[in-house]
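What the coordinates show
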Amino acid sequence: MIFRQGSISCALLAVLAVIAVPGRGAAADDTETIIIVDHAPGEAARDRDRALGDAPFVTVLHPDEHPAAASVADAVATAVGAHARSLGGLGAYASVTVRGASPGQTAVLIDGVPLARIAAVTTDLGRFALDAFGQVDLYRGAVPVELGGAGVGGALNLVTRLGPGDHGERIAVSVGAGSFGARHARLHYGADHGAVQSSTTLGYQAATGDYTYYDDNSTPLNRADDGYRTRRNNGFEAIDGATRWATTDRSIAGGLRAAYKRQGLPGSTAQPSRAAALSTGDAIGDAALDVRAGGATGRQLAYFLVERQHLDDPQGELGLGAADRDFLTLAGGVSSTWRIALGPHRAVAGGELRAERFRDRDAVGRQPVLVGNRLGAAVTAAFDLVIDPPDARLVVTPAVRLDLLRTAPTPMTSGPDALAPVATRRDLVPSPRLTARLAATGALAIKGSAGWYARLPTLVEVFGDRGYILGSPELAPERGPSADLGVVWAPAAGLGDLDRIFVEAAAFGHRAHDTIAMITSAGFVSRAANIGDTQGVGAELVAAARYARVLSVTASYTRLATAQHNGDPNLDGEPVPRQPDHAAYARAELGRRVLDHLAAVWLDTAWQSASSLDPGGRFRVPGRALVGAGARLELMHGVAAALAVANLADVRIAHLPLDPPPSPQLTEAPTALTDVAGFPLPGRSFYLSLDWTY
């Protein structure tokens, strides 16, 4: 947790409070949402109004509730219904799954602009510093049509905050350092210029990542050669900058964001890499304008995205040979969304055009350049039907999004169809949905949704990747239904010594048809294939409160049951790999003034049950509980110091059960603590930060 001036209240502990921002960044709060409760006084939970007033289930993650060096993936890992997987260490590649859906079923956007997925199925959330944004909105299940069709899992929208902070501060400076060479520095300036508000951020982050891990030397049944080794080539350095401006009424808004990161690629413990590295540079910009025509208001949006990656593997440690490859992704689009009030009701309609281009060039292999293009068009429509006006107690919203996409590649460079003409691929993807929210009382809301979602296969899945992945032009999109139903209770005032009360309970279910997975066909060569269906059903519970204005507690629990439906009897009915059946997060913070200075201590724990490593469920990862702790102290007005400790118990070993056991004395094998086999996670780590606001 990063410890900021003024962050001692339980409002900061309500990170798991479910709220919705179904618009494009900070510019859409008053145009995308029908609020069906009045503004709550200060003793209510953080973001109470939107938690009760919006239909989608959304967890809002705030940077001031997490460590200064935290990535977006680190923060999402604490959210109810979400599960993050990291390749190990600060800045390492990390993906997220929501409600048991595959990583590709969760779309990622920045200020409402969707990141390109023409080549990669998911986005590396480990390369985004959480502190570079004002907040992160994690949609679980239903997603507003304006943010795209999304997937069965939902969507993640990284939002820039405009203007001064909650306490009027314009300047925020944060520096810190910690274990394994971790360090950061960040400067933020947010101002109110009268009719215009702005936000400018510049940040630096780095680590050496040289932590020790337990290594079984790839002989799990022989403990004589086990020991602790140091992770090598695991460091990174990253810089990022962003500026965003908007009028006070958000009718005009625009921004530019750029980042660069260079990181070592250490490989797995069984096949380490000493020299491979990846550098990534990207830029994203957007501009939005509201116009009025008669009784309708339209938001016009234009955006672009550029991402360049360079993979350097001079010794061929990652693949079949040396590599010196450049990957370039270009994307751009425009959209127009119109809203009109029809008495107490509201209609929304819009359209979008988008173009993406991906290029893969190999300087070492001297193979032909791989190029792909994707053009897309979409139409959206929604209608907010308000029943029992003027109290707006029930709002029912049917909506639909229809995407038409055209994908055109260069000929495949490998496999039986190498250099043969490739037909252009066309896909028509409908995404209908229905949401409803009922304000039962001023403090109680019941809401739910049901819809049909899809994920298109990527260019690499369809057309291959230089011999390592064979093309599968016949791949069908992943698609399927998703539904949820839940209740939110958030009283505006306290109950005795308890205040800032927030409780949410929800049940959900989804099924993905034609799930896409990589299947090894011969040696190192793989091919993407539709392997069948997967499904997930479960429940979520979140509770938070503050006692006597001193002790703040928040807790969440996710119950998930997943299953594969496959023609292979060895896989049919088995759980989806790496999705724990049970997961919980809890945090307690004690804060008060000591010698007229704000002080606080906190303790949290994240627990998950056992999960399988492979589709057949033959290898299991035992459950684990990781504990963190920290303290913060206000040194003077506007200046605070904090110490955070992650993995307090220094858990570095997991014991894998052996089924069947080789002998009665050998029923389990120790292995490194991992999210992904072969990529160990760090043990105990410390981080000290100093923050100044003005």
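Residue numbers restart at each chain and count upward from 1, following the sequence in its written direction. Note on the predicted model: pLDDT of at least 70 is required for a residue's local features to be given, and 80 or more for side-chain atom pairs to be given and counted; whole-chain, interface and lining totals, by contrast, use all residues. Heavy atoms throughout the structure, all of them, feed into the side-chain values; hydrogens and water do not.

Before going further, it helps to spend a moment on the overall build of the protein. Tallying secondary structure elements over the protein gives four helices and 40 strands in all. In the protein, which comprises 694 residues, the proportion classed as buried is 55%. In this description, contact between two residues means that some pair of their heavy atoms is separated by no more than 4.5 Å. Counting contacts in the protein only where the partners sit at least 6 residues apart, residues at least 24 apart contribute 65% of the total. What sets the accessible areas is the Shrake-Rupley method with a 1.4 Å probe; for residues, cover comes only from the shown protein chains. As displayed, the protein has an accessible area near 27400 Å², and 62% of this comes from carbon and sulfur atoms. Put simply, DSSP marks the helices as runs of H or I at least four residues long and the strands as runs of E at least two long, and each gets a number from the N terminus on. Think of it in three bands: with a 1.4 Å probe and only protein chains considered, a residue is buried below 20% of the maximum accessible area for its type, exposed above 50%, and partly exposed in between.

Before going further, it helps to spend a moment on the nonpolar core. In this structure, Val72, Val76, Leu125, Phe128, Leu156 and Leu158 are the most contacted members of the largest nonpolar core, which totals 30 residues. Contributing elements (two or more residues each) for this core: helix H3 (72-76), strand S3 (94-98), strand S4 (106-110), strand S6 (135-140), strand S7 (154-159), strand S15 (277-293) and strand S16 (296-313). Counting residues per element, this core draws most heavily on H3, which supplies four residues. Sequence-distant contacts of Leu125, that is, excluding residues within four places in its chain, are made with Ser71, Val72, Ala73, Ala94, Val96, Val108 and Leu156. Each nonpolar core is a collection of buried residues, namely Ala, Val, Leu, Ile, Met, Phe, Trp, Tyr and Cys, held together in the definition by side-chain atoms within 4.5 Å.

Strands pair, by our definition, only if DSSP identifies at least two bridges between them. One open sheet holds the five strands; their spatial order is S1-S6-S7-S4-S5, and the pairing between them is mixed. The sheet terminates laterally at strand S1 (57-61) and strand S5 (113-114), the two strands that pair on one side only. Where S4 lies against S5, two bridges are found, and the strand directions are antiparallel. Pairing of Ile110 across the sheet is with Val113, part of S5.

This paragraph deals with unusual backbone geometry. The phi dihedral of Phe180 falls on the positive side, at around 60 degrees, and the residue is not glycine. Of note, Phe180 is situated in the loop between strand S8 (171-178) and strand S9 (183-192). Exposure remark for Phe180: the relative accessible area of 24% places this residue in the partly exposed category. We note that Ala548 has phi near 55 degrees; this positive angle belongs to a residue other than glycine. Note on placement: Ala548 falls in the loop between strand S28 (533-547) and strand S29 (551-565). Classification of Ala548 by relative accessible area gives partly exposed; the value is 37%.

Note that Gly241 resides in strand S13 (residues 236-247). Each C-alpha atom of the pair Gly241 and Ala283 lies 9.6 Å from the other, and the pair is 42 residues apart in sequence. Dropping the residues within four chain positions of it, Gly241 is found in contact with Thr201, Leu202, Leu256, Arg257 and Ala258.

As a further point, take the pattern of salt bridges. It is possible for side chains of opposite charge to pair when their charged atoms get near one another. Basic side-chain nitrogens of Lys or Arg form a salt bridge, by our definition, when they fall within 4 Å of a carboxyl oxygen of Asp or Glu. Scanning the entire structure with this criterion turns up 33 salt bridges. The shortest N-O distance in the salt bridge between Asp484 and Arg99 comes to 3.0 Å. In this pair, Asp484 is assigned in strand S24 (residues 478-489) and Arg99 in the loop between S3 and S4, connecting sequence segments 385 residues apart. A relative accessible area of 4% places Arg99 in the buried class. Three or more residues are tied together by salt bridges with common partners; here these are Arg99, Arg140, Asp484, Glu504 and Glu540.

On to a nonpolar patch on the surface. Judged by side-chain polarity, Trp489, Leu495, Leu498, Tyr547, Leu551, Val553, Leu590 and Val601 come together as a nonpolar surface patch covering roughly 670 Å² of accessible area. Position of Leu551 among the secondary structure elements: in strand S29. The patches reported here contain residues having more than 30% relative accessible area and no salt bridge. Joining distances are 9 Å for like charges and 5 Å for nonpolar side chains (Val, Leu, Ile, Met, Phe, Trp, Tyr).

Okay, the confidence of the model for the protein next. When pLDDT is averaged across the protein, the result is 84; 87% of the residues are at 70 or more. Every residue carries a pLDDT, the predictor's confidence in it, which falls somewhere between 0 and 100. Confidence over residues 1-42 falls short of pLDDT 50; this stretch has 179 contacts with residues more than four positions distant or in other chains.

What follows deals with the packing of aromatic side chains. Two aromatic rings, drawn from Phe, Tyr or Trp (for Trp, its six-membered ring), form a pair once their centres lie within 6.5 Å of each other, and the interplanar angle then sorts them: stacked below 30 degrees, edge-to-face above 60, tilted otherwise. Inspection of every chain in the model, using the stated rule, returns five aromatic pairs. Judged by centre distance (6.4 Å) and plane angle (15 degrees), the rings of Phe327 and Phe358 are stacked. One end of the pair, Phe327, is in strand S17 (residues 323-342); the other, Phe358, is in strand S18 (residues 345-362), with 31 residues separating them in the sequence. Residue class for Phe327 comes out buried when judged on its relative accessible area of 16%. Judged by its relative accessible area of 6%, Phe358 is buried. Relative to Tyr694, the ring of Trp692 has its centre 6.1 Å away and its plane inclined at 15 degrees; by these criteria the two rings are stacked. The class of Trp692 is partly exposed, set by a relative accessible area of 36%. Whether a charge lies above a ring is judged from NZ of Lys or CZ of Arg, which has to be within 6 Å of the ring centre and within 35 degrees of the ring normal. Lys447 extends its terminal NZ or CZ atom over the ring of Phe57, reaching a point 5.2 Å from the ring centre.

It is worth spelling out the pairing of S24 at this point. Residue alternation in S24 divides its side chains into a buried set, Glu478, Gly480, Ser482, Asp484, Gly486 and Val488, and an unburied set, Arg479, Pro481, Ala483, Leu485, Val487 and Trp489. Here twelve bridges tie strand S22 (residues 444-455) to S24, and the two strands are oriented antiparallel to one another. Opposite Ala454, over in S24, you have Arg479 as the bridge partner. Bridge analysis of S24 against strand S25 (residues 498-512) gives eight bridges, and the strand direction is antiparallel. Paired with Ser482 across the bridge in S25 is His510.

Turning next to the environment of Val627. Its place among the elements puts Val627 in strand S34 (residues 624-636). Between the C-alpha atoms of Val627 and Arg587, which are 40 residues apart in sequence, the distance is 9.8 Å.

To continue, consider the side chain of Arg401. The residue Arg401 is located in strand S20 (residues 394-409) in this model. Among the polar contacts made by the side chain of Arg401, one reaches the side chain of Asp403 at a distance of 3.0 Å. Two N or O atoms form a polar contact when they lie within 3.5 Å of each other; inside protein one atom must be a possible hydrogen donor and the other a possible acceptor, and for residues adjacent in sequence the pair counts only when both atoms belong to side chains.

Here we come to the environment of Asp659. Checked against the element boundaries, Asp659 lands in the loop between strand S36 (653-657) and strand S37 (668-672). When the C-alpha positions of Asp659 and Arg620 are compared, they lie 9.4 Å apart, and in sequence the two are 39 residues distant.

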